[in-house]
Amino acid sequence: MASRRPIPLVVLLALVLIATGFLSSLSKSSNPSSLPGGLAMDSSAESTALYCTGLSAVSGTSPGRVTFTNTTSASHLINIEVVSDSGTRVARAANLAPYASISIDPSAGQHGNYFGVGAQVSGGGVVGVAVTSDNTSETPCVSTGVTRWYAGGFDTAVGSHAELSIYNPTASAAVFNVDAFTASGNVAPAKFQGIAVGAHDEVAINLGAQVVDMTNVGVRVTVLRGALDIVGVQKSGSVVSLVSGVTRATTSTQFASVTTALKATARIQLFNPGALRATVTLAIDLAPYNVPAQSVSVAAYSSAFATITPNSAVPAAGYAVVTVRSDQPVVATLATGTAATFSLSSPLSAQSQLLVDDFTGKGFDSAAVTNTSSRAISLTFTTLSSSSPPQRRPSVTLAGATTASLRTLVPSLTSLHHVVMLVTSSRPTMLITLTLPTSPAGTSVIAPLDGR
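Criteria and cut-off values
- Residues numbered from 1 in each chain as written.
- Predicted model: local features only at pLDDT ≥ 70, side-chain atom pairs only at ≥ 80, totals over all residues.
- Heavy atoms only, no water.
- Helix = DSSP H or I, 4+ residues; strand = E, 2+ residues; numbered from the N terminus.
- Buried < 20%, exposed > 50% of the residue type's maximum accessible area, 1.4 Å probe, protein only.
- Contact = heavy atoms within 4.5 Å.
- Polar contact = N/O pair within 3.5 Å; in protein donor to acceptor, adjacent residues only side chain to side chain.
- Pairing = 2+ DSSP bridges.
- Axes fitted to C-alpha atoms, helices over the stretch in contact; angles between N-to-C directions.
- pLDDT = per-residue confidence, 0-100.

**Here we look at unusual backbone geometry**
Point 1. Cis geometry is found at the peptide bond from Ala-287 to Pro-288, where omega equals 5 degrees.
Point 2. Take Pro-288: it is sitting in the loop between strand 20 (278-286) and strand 21 (289-290).
Point 3. Residue Pro-310 is reached from Thr-309 by a cis peptide bond, and omega for that bond is 0 degrees.
Point 4. Following the sequence through the fold, Pro-310 ends up in the loop between strand 23 (303-309) and strand 24 (319-337).
Point 5. Positive phi values are uncommon outside glycine, yet His-200 reaches one of about 55 degrees.

**Observations regarding the environment of Gly-218**
Point 1. For Gly-218, the position within the fold is in strand 15 (residues 217-225).
Point 2. Judged by relative accessible area, which is 1%, Gly-218 ranks as buried.
Point 3. Along the backbone, Gly-218 and Tyr-301 are 83 residues apart, and their C-alpha atoms lie at a distance of 9.4 Å.
Point 4. Setting aside residues up to four positions removed in sequence, Gly-218 forms contacts with Ala-151, Gly-152, Asp-179, Ala-180, Phe-181 and Phe-271.

**Structural notes on the side chain of Thr-443**
Point 1. As for its placement among the helices and strands, Thr-443 is situated in the loop between strand 32 (430-435) and strand 33 (445-446).
Point 2. Judged by relative accessible area, Thr-443 falls into the buried class, the value being 10%.
Point 3. In terms of polar contacts, Thr-443 uses its side chain to reach the side chain of Thr-438, at 3.1 Å.
Point 4. Apart from residues no more than four positions distant in its own chain, Thr-443 is found in contact with Ala-264, Thr-336, Gly-337, Ser-343 and Thr-438.

**Regarding the sheet that holds strand 7 (residues 126-131)**
Point 1. Strands sit in the order 5-2-7-8 across an open sheet of 4 strands; the sheet is antiparallel. The open sheet has two free edges, formed respectively by strand 5 (101-104) and strand 8 (138-140), since each of these has just one partner strand. On average, each strand axis in the sheet is inclined to that of its neighbour by 20 degrees, with strand direction left out of account.
Point 2. Where strand 2 (residues 65-70) meets strand 7, 6 bridges bridge the pair, whose relative direction is antiparallel. Paired with Arg-65 across the two strands is Val-131, which belongs to strand 7.

**A short note on the confidence of the model for the protein**
Point 1. For the protein, per-residue confidence averages 90 on the pLDDT scale, and residues scoring 70 or more make up 89% of the total.
Point 2. Low pLDDT, under 50, characterises residues 1-7; the stretch is placed with 1 contact to residues that sit more than four places away or in other chains.
Point 3. Per-residue pLDDT stays below 50 along residues 9-36; that stretch engages in 25 contacts with residues further than four places along the chain or on separate chains.

**Examining the sheet that holds strand 33**
Point 1. Within the open sheet, the 4 strands sit side by side as 30-27-32-33. Their pairing is antiparallel. Two strands close off the open sheet at either side, each with one partner strand: strand 30 (402-405) and strand 33.
Point 2. Note that strand 27 (residues 366-371) and strand 32 share 6 bridges and pair antiparallel. Along strand 32, the bridge assignment pairs Ala-367 with Leu-434.

Next up, the structure:
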């Protein structure tokens, strides 16, 4: 019988390295398509983190506030650090009771114009939101930074002001590039390349300093080192909107509450970050009307838009569901307002759990729940209060590819004022779109918490 010869150690090590290299090639790091917030974190976790940015005191007024809400039955200690773009820092701590909320003014005791907030939470189930001082816009806090970020529709023309508020939540310096996409093509100013931001620092990028007197500007931020929390800040006249952005260009996007009200304006602002021309089709669902599809072509590395209202093909009949489909990945942003001013809102990502909370105190003009899948989902609704036990309402089924109002799904919900409601879906295919009371209706669109 032939004897077995031992494999030399050097050969064995070589085989292990080859196998390791092959397996590593199968695993690719990628930018997350959605940013998890507090609800995405296990409520039994020992600790979680939330990062917030976007609030500005450029006009000399209060920048607004950051509000943290506890969605669990346990108390949580929150250690908060606020940093400004001038480098000043303020630390504070608070105990957050079950189902309670606390708010902080990040400019208190600070010097600077823009503010980043980092919060370390004992446990999970706490969410955060940044709200402007005039209560017209808000953006969720996130639990991680990103390495690529897109948003469109910015305006640097006279009467408007557009900036990027950028917070570094990591313990090391980050470096990033900013590219702009306009109707006439791509712009990559030298001063927007290789920008550094220190560990746990905040910076603001004035888009108009390099992209001068432009409308419908798309922006791509590429993080070369580290990860960043990024929010766009658009000021149109007296209207300020916080733009949460997205982490990738896509071929399909949906906006569930697009106003068609008289005297309102609504546009889908598009930009194409790729090398091929994109043909974009917009399907407009506005029952009981049969609205013809709208189409627009977006050149490579350029921006364009499609008007939903005023549009002779679209009746003035409340809220429409607009589905954007493209043969090339594009970035879509909703711009709503009047002939004089506008507000920007990014598309939402589907989730399995979202918190509807009336942070502004104004209530909501509309609250729409969308099932983005072709299969039915089961929804549960739990009303939260710091003064009484949670109230769970009967579960309901929402058919596939359907949008319904929150008040239709929860008939016992008599008002959209002072609502604090946790909505849970049987699958992560749920969107919730909220609009604030405005005249004309639907010109301020906001996201529920954990909606990125």
